[in-house]
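Here is how the chains run, residue by residue.
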Amino acid sequence: MTQSLNRIAAMTARYYYILRSSSLRLLEIIYWPAMQMLVWGFLYTYLYDSKSAMASTAGLLLGAVLLWDVLFRGQLGFTFTFLEEIWSRNLANLMMSPLQPFELAASLMLMSLIRLVIGTLPVMLLTFVLFGFNVFAMGPGLIVFFLNLVLTSWAIGLVVAGLVIRQGFGAESLAYSIMIVLLPLCCVYYPVAALPLWLHPVAWSLTPTYVFEGMRAVLLDGTFRTDLMIECLALNAVYLGMGFTTFVALLQSARHKGGLLTMGE
Amino acid sequence: MSRIERFLPRRHLTPVSANTTPAQDNASVRLDTEDAPAIAVERLCKQYRTHWAVDDVNFIVPKGWTVGLLGGNGAGKTTTIAMIMGLVVPSFGRAMVLGHDMATERHKVLSRMNFESPYVALPGRLTVRQNLMVFGRLYGVANLKARIEELIEDFELGDVLDRVTGRLSAGQKTRVAVAKALINDPEVLLLDEPTASLDPDRAAWVRSRLRAYQKRRGATVLLSSHNMTEVEQLCDFVVIMSHGRVVAMGRPGELAERFKCRDLDEVFIYLARVA
């Protein structure tokens, strides 16, 4: 157990060194969420000031943007940290070391969390300072939303990392594109009711749907939907297990295919 | 006969021959115990689609030996080494290290071995010190700081220690990679062309360090190289591969004698052309 924690700490230190080595990288983590928030923030201000019917739901927009970013950046943080191993041709060194797949996954999760805090916390503060929207007004529910979205982002990150190991650079673009598939289905900006009936089961099979529905319940009705969050956590536990199993299976498949040694060339 | 064996070509079922040295005969040695040889490769095959990259390879490396794995480009050396490391799963046969099957039990033995290969790089954005620290912790090295100090001294890394690894010269990178390969004081060391990018002077220097390590530790070394002088200087025994198969084995001097050649270089060229 101690050895295992030591290896996770070693890998986290390795990723932290990379992050620390370049201020541009650090800036990049904040840059995209900040730019996105500015665009949506000005729209929020416009809607809020217009006194139109939309004004009352303007806050939903910003809340949704912020939480979507948690999901998107969480997955990017996980996958990009992993891709670093491929780009630096270091994967075989790791696979030849006593590092176990779950230890690698744990360190990637930790790093995704660190990148997420660096990227989203300043943006949340910026949103409050510039647009007066306080995301923390969602109360302790925000922590549950955050947790659920992060768990989902890790499950997806594990599958993408496995696919990159199995398929090589051909699967790299999935790191950017996979989340976009979820965007229309997990009802970020509109309720599930807005989808055609036949898509409802699909939407409810996706964990972010529960979070965004939960967020709307908090912001519109002031109620925290515990039932939704428990279902979401349970579903996330299943997805995370499936994600890790897929990661290990794809890693094993890559060992059969024989590409681990030359990966990144 | 197992199900797999029924689908294999007949040549895969031929018994392992015990010809030139006892180190070759897997059949008489228990491979799955702590007293097992450091490395045992038994009927090892790797098929990629229709191509057999490694085809019925057998050899044993006793503890404390340095064995050279030779062959031209595409001979199957790197695939063989990758299977010994457990990075590639054999299509048939098995590769054992210190009594453990590397396809299924690699995690039991990985902390006791290490490797260096030109196909693999150390993280370029980390400094040399950071890389050694990270890998030392991954291997669970006790007294890591002291071990790193030893390696700094042995490989004269003091002047590059706080430099970013990716910006070092090829020779400096090789020294760092070899230092990383020795960080856990491995019992089994796999080296894939360890001096390929070095000038003759530096190559001789690295060889001397490797020889000193092997002697001090009593380590087992499997070395792949195209440099026959290097192989003659370092290796007790040589396995020569061609087209995925072993075409000759023996001590370097014996091989030259057997093939009526002046040195291993000539043996290599002769076998490459004949095979």
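Residues numbered from 1 in each chain as written. Chains lettered and ligands numbered in written order. Predicted model: local features only at pLDDT ≥ 70, side-chain atom pairs only at ≥ 80, totals over all residues. Heavy atoms only, no water.

Colleague: Teacher, can you tell me more about the overall build of chain A here?
Modeller: A count of helices and strands for chain A gives ten helices and zero strands. Traced from its N-terminal end to its C-terminal end, chain A shows the element sequence α-α-α-α-α-α-α-α-α-α. For chain A, the C-alpha radius of gyration of 19 Å lies close to 18 Å, the compact-globule estimate for 265 residues. Expressed along its principal axes, the backbone C-alpha trace of chain A runs to roughly 60 × 45 × 35 Å. In chain A, buried positions account for 54% of the 265 residues. (Helix = DSSP H or I, 4+ residues; strand = E, 2+ residues; numbered from the N terminus. Rg over C-alpha atoms; globule rule 2.2 N^0.38 Å. Buried < 20%, exposed > 50% of the residue type's maximum accessible area, 1.4 Å probe, protein only.)

Colleague: In this structure, what is going on with the pattern of salt bridges? I would like to understand it.
Modeller: Any two side chains of opposite charge can pair, given that their charged atoms come close. Residues and elements named next belong to chain B. Enumeration over the complete set of coordinates arrives at 21 salt bridges over all chains. Ionic pairing is found between Asp-55 and Arg-245, a salt bridge with its closest N-O pair at 3.9 Å. On the criterion of sequence distance, the pair formed by Asp-55 in strand β2 (residues 51–61) and Arg-245 in strand β10 (residues 245–250) is long-range, its members being 190 residues apart. On the accessibility criterion, Asp-55 (4% relative accessible area) is buried. Residue Arg-245 is classed as partly exposed on the basis of its relative accessible area of 30%. One salt bridge connects Arg-129 with Asp-162, and the closest N-O pair in it is separated by 3.0 Å. Residue Arg-129 is found in helix α3 (residues 128–138), and its partner Asp-162 is found in the loop between α4 (144–154) and α5 (170–181); the two are separated by 33 residues along the sequence. (Salt bridge = Lys/Arg side-chain N within 4 Å of Asp/Glu carboxyl O.)

Colleague: Is there a simple way to think about the packing of helix α2 (residues 23–49) of chain A against helix α3 (residues 58–87) of chain A in this case?
Modeller: To characterise two packed helices, one gives the angle between the axes of the helices and the distance between these axes. Residues and elements named next belong to chain A. In the contact formed by α2 and α3, the axes pass within 10 Å of each other and the chain directions differ by 165 degrees. On the basis of the axis angle, α2 is roughly antiparallel to α3. The two elements α2 and α3 cross, and the hand of that crossing is right-handed. Here Arg-25, Trp-32, Pro-33, Gln-36, Met-37, Trp-40, Gly-41, Leu-43, Tyr-44, Leu-47 and Tyr-48 of α2 come into contact with α3, specifically with Ala-58, Gly-59, Leu-61, Leu-62, Val-65, Leu-66, Asp-69, Arg-73 and Glu-84. (Axes fitted to C-alpha atoms, helices over the stretch in contact; angles between N-to-C directions. Parallel < 35°, antiparallel > 145°, perpendicular 65-115°, else oblique. Left-handed = near helix turned anticlockwise from the far one by under 90°. Contact = heavy atoms within 4.5 Å.)

Colleague: Can you help me understand the nonpolar core in this one?
Modeller: If you look at soluble globular proteins, the nonpolar side chains tend to sit buried side by side. Counting 164 residues, the largest nonpolar core has Leu-104 of chain A together with Phe-59, Leu-190 and Leu-222 of chain B as its most contacted members. With 18 residues, the top contributor of residues to this core is α3 of chain A. Setting aside its immediate chain neighbours within four residues, Leu-190 of chain B contacts Ile-39, Ile-81, Ile-84, Met-85, Met-113, Asn-114, Phe-115, Glu-116 and Leu-222 of chain B. The next biggest cluster of nonpolar side chains, apart from the first, holds five residues, and it includes Val-192, Leu-195, Leu-199 and Ala-203 of chain A. (Core = buried A, V, L, I, M, F, W, Y, C linked by side-chain atoms within 4.5 Å.)

Colleague: What am I meant to see in the confidence of the model for chain B here?
Modeller: Detailed reading of the predicted coordinates is not advisable wherever pLDDT is low. When pLDDT is averaged across chain B, the result is 85; 87% of the residues are at 70 or more. Confidence scores differ between elements of chain B, with helix α1 (residues 3–7) of chain B showing the lowest mean pLDDT of 39 and α3 of chain B the highest of 95. (pLDDT = per-residue confidence, 0-100.)

Colleague: For this particular structure, what's the right way to read helix α1 (residues 2–21) of chain A?
Modeller: Residues lying three or four places apart along an α-helix face the same way, a consequence of the helix completing one turn every 3.6 residues. For α1 of chain A, which comprises 20 residues, the first-to-last C-alpha distance of 28 Å matches the rise-based estimate of 28 Å (1.5 Å per residue) to within 8%. Taken residue by residue, α1 of chain A has Ser-4, Arg-7, Ile-8, Ala-10, Met-11, Thr-12, Ala-13, Arg-14, Tyr-15, Tyr-17, Ile-18 and Leu-19 of chain A as its buried positions. Looking at the buried positions of α1 of chain A, the neighbouring elements they touch are α2, α3, α4 (91–95) and α5 (101–131) of chain A together with α3 of chain B. (Expected span 1.5 Å × (residues − 1).)

Colleague: Looking at this structure, how should I read the sheet that holds strand β9 (residues 237–242) of chain B?
Modeller: In a beta sheet, neighbouring strands are held together by backbone hydrogen bonds and run either parallel or antiparallel to one another. All names here are of chain B. Reading across from one edge, β6-β7-β8-β3-β9-β10 is the order of the six strands in this open sheet, with mixed pairing throughout. Among the strands making up the open sheet, the edge pair consists of β6 (113–116) and β10. Neighbour to neighbour, the strand axes of the sheet diverge by 15 degrees on average, direction disregarded. In terms of strand pairing, β6 meets strand β7 (residues 188–192) through four bridges, oriented parallel. (Pairing = 2+ DSSP bridges.)

Colleague: How should unusual backbone geometry be read in this particular structure?
Modeller: Across the chain, the bulk of peptide bonds are trans and the bulk of non-glycine residues have phi less than zero. Residue and element names in this part refer to chain B. Positive phi outside glycine occurs at Arg-49, with the angle close to 55 degrees. Locating Arg-49 in the fold gives a position in the loop between β1 (39–48) and β2. Take Arg-49: its relative accessible area is 80%, and that puts it in the exposed class. Positioned with a positive phi, Lys-260 is a non-glycine residue whose angle comes to about 50 degrees. By secondary structure assignment, the location of Lys-260 is in the loop between α8 (252–258) and α9 (264–274). Judged by relative accessible area, which is 76%, Lys-260 ranks as exposed.

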